Amino acid sequence: MSQISNDTEFKQALQSLDATQNRVVAALFIEHVMALCNDDRIQRAVNVAVNSSVSDDEISDALKLAKAAIMDSSTRCGAEGNWTEQAGYFVARATVAALTPPAQSRSGGTAWQAAMSCRMAQTSILIDNESDEVAATSENEWQYGILSGYLKS
Amino acid sequence: MSASLDKGINALKEQVDSSVAAFFSSCVHCGMCADACLFYTETGDPERTPINKTEPLRRIWKSEYTLLGRIGKMFGLTAKVDDKLLTDWETLVYDSCTLCGRCSMVCPVGNDIALMIRKTREGMAAAGHAPIDLIGATKRAVTIGSPMGVKLPALMAQIKHVENDTGLKIPLDVVGAEYMLLLSSMEIMNFPEFIEAIAKIFDKAGVSWTIASEAFEATNSGIQIGVSDIAAELVQRIVDAAEKLQVKTVISPECGHAYMAIRWDGPNLVGKAFSFKVRHILEVLDEFRKDGRLKISGKEEQRLTYHDPCQISRRGGVIEQPRHLIKMFSDNFVEMPDTGKMNWCCGAGGGVSSNERADEIRLKVFQRKKDQLDAIKPDAIISACSNCRIHLEDGLEENHMDIPLMSLTETLADHLAED
Amino acid sequence: MSEIEFLNWVRGPGFQIATIIFVAGVIIRFAEILLLGRKTNLAEAKGSEMRSGLRTIVTRSFPDKSTFQRSMFTITAGYIFHIGLFVTIFLFAPHILMFKEIFGFGWPSLPTPVVDAMAVVTIIALLAVLTHRMRDNVLRFLTTKEDYLVWLVTIAPLITGYIAFHRIGMTAPTLLAIHILSVELLLVLFPFTKLMHTFTVILSRWYGGAISGYRGVES
């Protein structure tokens, strides 16, 4: 399996996975940005998502947890925005994407949607980070690495 | 800006014109407006009857602009506007009204009650009786440029993210572009995929567009709190940017009150007709559809319905366009009972969702929308306002209902045909 | 004062005073509204104000199904007593004769038994409307002393007219005088109460329709 180096390859590789694999990979992406979220419900939901042998009921319960976490972390219209906290919102969004049944999922598949939200979480942190430091490795590259590792195993 | 009762009374006086006088003269206390207002129907609280919310304005009209009222005032017989009245009315005028305008559609004598409530807010705000959260949002809008404190670097970060994901350039400050897109802070913070969707659609449509770094904010807190001077200042920023970039059309994004503010109130606030057009993103997308610029592939299989954002449909006049667009990617579309211009408000607009004190009632009145949804049992809801979206998600979550919200623009972008 | 003198006063000076106050009052109320003016709308129009305004004057009388279901009593009772008032005032032969004297022309009338029945129906409808106003929680909250006064001066001519026509209780001249007096009371209070909606409804419906129509929404 050649190294994934851009989004086209990334998306293609994700689409070759089945529903369960999508969910598990999505969970791996989320775990990489878990530090940006301090909602315990998300950790619990991701623990369910990363397990390939959970029941549909457990998935559905975890999805409810994640949705509740979104509502509590989104910024209300007109309220003073905090980008560091907003990162937690995007991690919650990623978790919902991971646990959403494929039929209801947006195009690209659940793992792709989760990956996008994880990247958004990272972007949010950078907005608050006033320094000009550029991360050595972008979130995209981390995700390519995670997916490659998963495909090999 | 210091507030005082006198300023409030003067503000109310300025709001009385011939339409307001005609409206108050014709009201017969029939109570039909209550039956049309979700803040009454879902609470049973008669104080929330729409025409009652206008009492401060009515007292000024009566005592200043009618013969009988002026005579009565001389003898101290006409009801006054004082701080107690305004204090008592704050939760009616702000927490219990989204300016949705459904009352205005059913009043048998034709009163535009929502307009009268909007006018009443001018007096409330000038007298210092606006909700604290709205005051905060408005201050941030004036000093920072966004009610949520979203500064240009934050927008740039989101833009960079979108550019990386799509491989498309987001054109900034392009002189002579045809379209200038505004964004609401809600979209930038909570739904940045909207920017991505626009980039993809406009690229495929082959039209020139831009975002102005000096004026990207669409939401207008001045409209919600009811301070026309501030609302005018916020509009002027957009006007200046649009003229500087010489764009033909300014686009209002998926936000309800932003459209009302820039499209319908804007020129009247700044006192001059615009030299450019203003269109809602749905109007622009529908034009693309008519011109054959949108190639759509694949259908949404799930049962879809459309929630009409009040300021866009009933108060804005953009009713048919979303339906034409939805039918491009759906053969399984069902209307809500009471639809189009008579659809029910989600319960969060007009500053209600910005006001933490109104959380409880906001979630309570969601019952009206829940009843609509229970009647048609859709798989998903499409809408075109970020505020409606977050609040509907909130209400659905509270009621353990699993019906995802989809943005019309984003869904359309998802279905763009690859060429 | 004898009953004939009473009747003559009511028909003569009384009527003149009431009419002058009524006409002057209505003109003043209209002037109060129109002289305030309204700013021109500078936004790009999507529809015609005039057209939508005129249209709404008519269409606002026909609520949509859902609205009707939610306000069924108000709408139904409202229709009954408004139509009833129109029939009893303008389609009753003796009244048309009076209008002919004032304006110089008359118009066809409805058969008297029909008008008589309508009067009864209208009185019942107004009683029902009052009961509703006193029991419904929104209406109880909104209702002012003026609303009760207006109800009284509206039903009084109907009741006194019915009694006069059927000659119940007193002599014909006195009953007629009382009836005419009740109408004069209505005329005198008319410009200073919500009864003005009879005329201003044209303005308010026009404005409401125009404002909405400008934005492209027919209301």
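Please refer to the structure placed before this passage.
The structure contained in this document is the topic of the report that follows. Quantities reported herein were computed from a predicted structural model and do not represent experimental measurements.

Each value, and the rule that gives it
Residues numbered from 1 in each chain as written. Chains lettered and ligands numbered in written order. Predicted model: local features only at pLDDT ≥ 70, side-chain atom pairs only at ≥ 80, totals over all residues. Helix = DSSP H or I, 4+ residues; strand = E, 2+ residues; numbered from the N terminus. Rg over C-alpha atoms; globule rule 2.2 N^0.38 Å. Buried ≥ 20, exposed ≤ 12 C-beta atoms within 10 Å, placed from the backbone. Contact = placed C-beta atoms within 7 Å. Pairing = 2+ DSSP bridges. Axes fitted to C-alpha atoms, helices over the stretch in contact; angles between N-to-C directions. Nonpolar A, V, L, I, M, F, W, Y, C, P; charged D, E, K, R; others polar.

1. Brief notes about the overall build of chain B
What chain B contains, in helices and strands, is 22 helices and seven strands. The C-alpha atoms of chain B give a radius of gyration of 22 Å, which matches the 22 Å a tight globule of 419 residues would have. Its C-alpha atoms give chain B principal-axis dimensions of about 80 × 50 × 35 Å. The buried share of chain B, reckoned over its 419 residues, is 61%. Considering only residue pairs separated by 6 or more positions, chain B has 82% of its internal contacts joining residues 24 or more positions apart.

2. Here's the deal with the sheet that holds strand β6 (residues 380-383) of chain B
Residue and element names in this part refer to chain B. Judged by pairing direction, the sheet is parallel, and its three strands sit side by side in the order β5-β6-β7 without closing on themselves. Of all strands in the sheet, those bounded by a partner on one side alone are β5 (304-306) and β7 (405-407). The sheet shows a mean angle of 35 degrees between the axes of neighbouring strands, direction not considered. As paired elements, β6 and β7 share three bridges and run parallel to each other. When the sheet's bridge partners are listed, Ser383 is paired in β7 with Ser407. Sheet strands touched by helix α21 (residues 386-398): β6 and β7. Its angle to β7, the strand with the most contacts, is close to 170 degrees.

3. Notes on the interface of chain B and chain C
A common measure of how large an interface is: the accessible area buried when the components associate. Counting from both sides, the interface comprises 50 residues of chain B and, opposite them, 48 residues of chain C. Listed by contribution, the elements that provide at least two residues to the side of chain B that touches chain C are α2 (18-26), α3 (32-36), α7 (67-74), α9 (102-106) and α17 (256-270) of chain B. At seven residues, the largest contribution of residues to the side of chain B that touches chain C is made by α2 of chain B. Residues that form the side of chain B that touches chain C fall into these classes: 23 nonpolar, 16 polar and 11 charged.

4. Describing the interface of chain A and chain B
Between chain A and chain B, the residue contacts involve 24 residues of the former and 30 residues of the latter. The element best represented in the side of chain A that touches chain B is helix α6 (residues 110-128) of chain A, accounting for six residues. Looking at the side of chain A that touches chain B, its residues break down into nine nonpolar, nine polar and six charged.

Keep in mind these values describe shape, not function.
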